[in-house]
Amino acid sequence: MKNIVKLLLSCIVMLSVTYSAWGEEIVIRVGHFPNITHAQGVIANQLSRQGKGWFEERLGSEVKIEWYVYNAGPSAMEAIFANALDMTYVGPNPSINAYVKSQGEEIRIIAGAANGGAALVVQGDGSIQTPADFRGKKIATPQLANTQDVACRSWLKEQGYHITQLGGDVLIVPTANPDQLSLFVDKQIDGAWTVEPWVSRLELEGQGTIYLEEPDAVTTVLASSVTFLHEHRDLVQKFAQAHTELTTWIQQHPEEAQQLIQAELAAETTRSMPAELLAHAWPRLHFTNTIEIASLQKFITAAKAVGFLRDDVDFSRLVEIP
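Just so we're clear, the structure is a prediction, and the values are computed from it rather than from any experiment.

Calculation rules
Residues numbered from 1 in each chain as written. Predicted model: local features only at pLDDT ≥ 70, side-chain atom pairs only at ≥ 80, totals over all residues. Heavy atoms only, no water. Buried < 20%, exposed > 50% of the residue type's maximum accessible area, 1.4 Å probe, protein only. Helix = DSSP H or I, 4+ residues; strand = E, 2+ residues; numbered from the N terminus. Arc of directions from axis to C-beta. Contact = heavy atoms within 4.5 Å. pLDDT = per-residue confidence, 0-100. Pairing = 2+ DSSP bridges. Axes fitted to C-alpha atoms, helices over the stretch in contact; angles between N-to-C directions.

1. Focus: helix H7 (residues 177–185)
Thinking step 1. Among all positions of H7, only Asn177, Gln180, Leu181 and Phe184 are buried. All buried residues of H7 lie within an arc of 100° about the axis, which places them on one face of the element.
Thinking step 2. Those residues of H7 hidden inside the fold are in contact with strand S5 (118–122), strand S6 (138–141), strand S8 (191–195) and helix H8 (198–204).
Thinking step 3. Just past H7, the residue Lys187 takes up positive phi, approximately 60°.

Structure (structure tokens):
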């Protein structure tokens, strides 16, 4: 009899634990950068702050979104490797590097997010006018091996320069975007290859000149950890659909989108951003949810050219639309 009672009590406890697990809140940890090129993440973070969560409303009351802000892609990829992040808005090159580093087992790109909005800005004093003028100059990028860093190294190599991580014919200095502006204003760097809103800030506040722009290049994608994608595919599908709807909303409501971005960037960077600056940067961006492996090939080629990718890799699994 005692054994039967113990068995019944055990069953009741198991049922209670199972019911409790079913009723648990599901947390999705999502990253983005404080850049206009990450508009979907920036806007959604602001709406979450306001209690009007875009993704929360579409994924269900049992889902909670936790937002994490990173300066550049390599840091976000390390967070996914450490199981501290489930999905993130990120540049293509960190996604590619993480895919290679994990032998295709950790990272999947599940949607596009933004094209354009990246540029090389140089001092407006006329000291750099031709490719030959870059010799001996100091150029900042957001972080070693991020998308703009790879683009900068690849372009300089195409101009015939010898580039290393620590020096070479042109010194590339990985520098957080907010620090780029102060260094640029103080003329401690000769240029910066970066993204909006920093391109416009360097141009307007630093009196810089845009030397080279990438109007059609993929700037931002939405990436997921493989574990989260495979264990919660239904949630990832709903998130990707909500991302698509948010992208369409941004396209149709540019003024409201800019206001939300302005508020969120002020919260994340503690610096107010003039509405005029956002309006100046906006035409350079094209927000999209589509992505194809073919559009990423130039980044794979560039990463190989500068030594960040050394082996032939099968990239057929890199893009996986849920």
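2. Some points on the confidence of the model for the chain
Thinking step 1. Looking at the chain as a whole, the pLDDT averages 90, with 93% of positions reaching at least 70.
Thinking step 2. In this model residues 1–22 is a low-confidence stretch, pLDDT under 50, and it forms zero contacts with partners more than four residues away in sequence or in other chains.

3. What about the environment of Leu156?
Thinking step 1. You can see Leu156 is positioned in helix H6 (residues 147–158).
Thinking step 2. Accessibility expressed as a relative area gives 1% for Leu156, which makes it buried.
Thinking step 3. Between the alpha carbons of Leu156 and Pro131 there is a distance of 8.2 Å; along the sequence they are 25 residues apart.
Thinking step 4. Ignoring anything within four residues of it in the chain, the contact list for Leu156 reads Phe134, Tyr161, Ile163, Val170 and Ile172.

4. Thoughts on the sheet that holds S5
Thinking step 1. Judged by pairing direction, the sheet is mixed, and its five strands sit side by side in the order S7-S6-S8-S5-S9 without closing on themselves. Here the strands that pair on one side only, and so sit at the sheet edges, are strand S7 (171–174) and strand S9 (209–214). Recorded for the sheet is a direction-independent mean angle of 20° between the axes of neighbouring strands.
Thinking step 2. Judged from the two bridges that link them, S6 and S8 form a sheet pairing that is parallel. Residue pairing in the sheet places Ile139 in a bridge with Gly191 of S8.
Thinking step 3. Where H7 meets the sheet, its contacts fall on S5, S6 and S8, and the angle it forms with S8 comes to roughly 150°.

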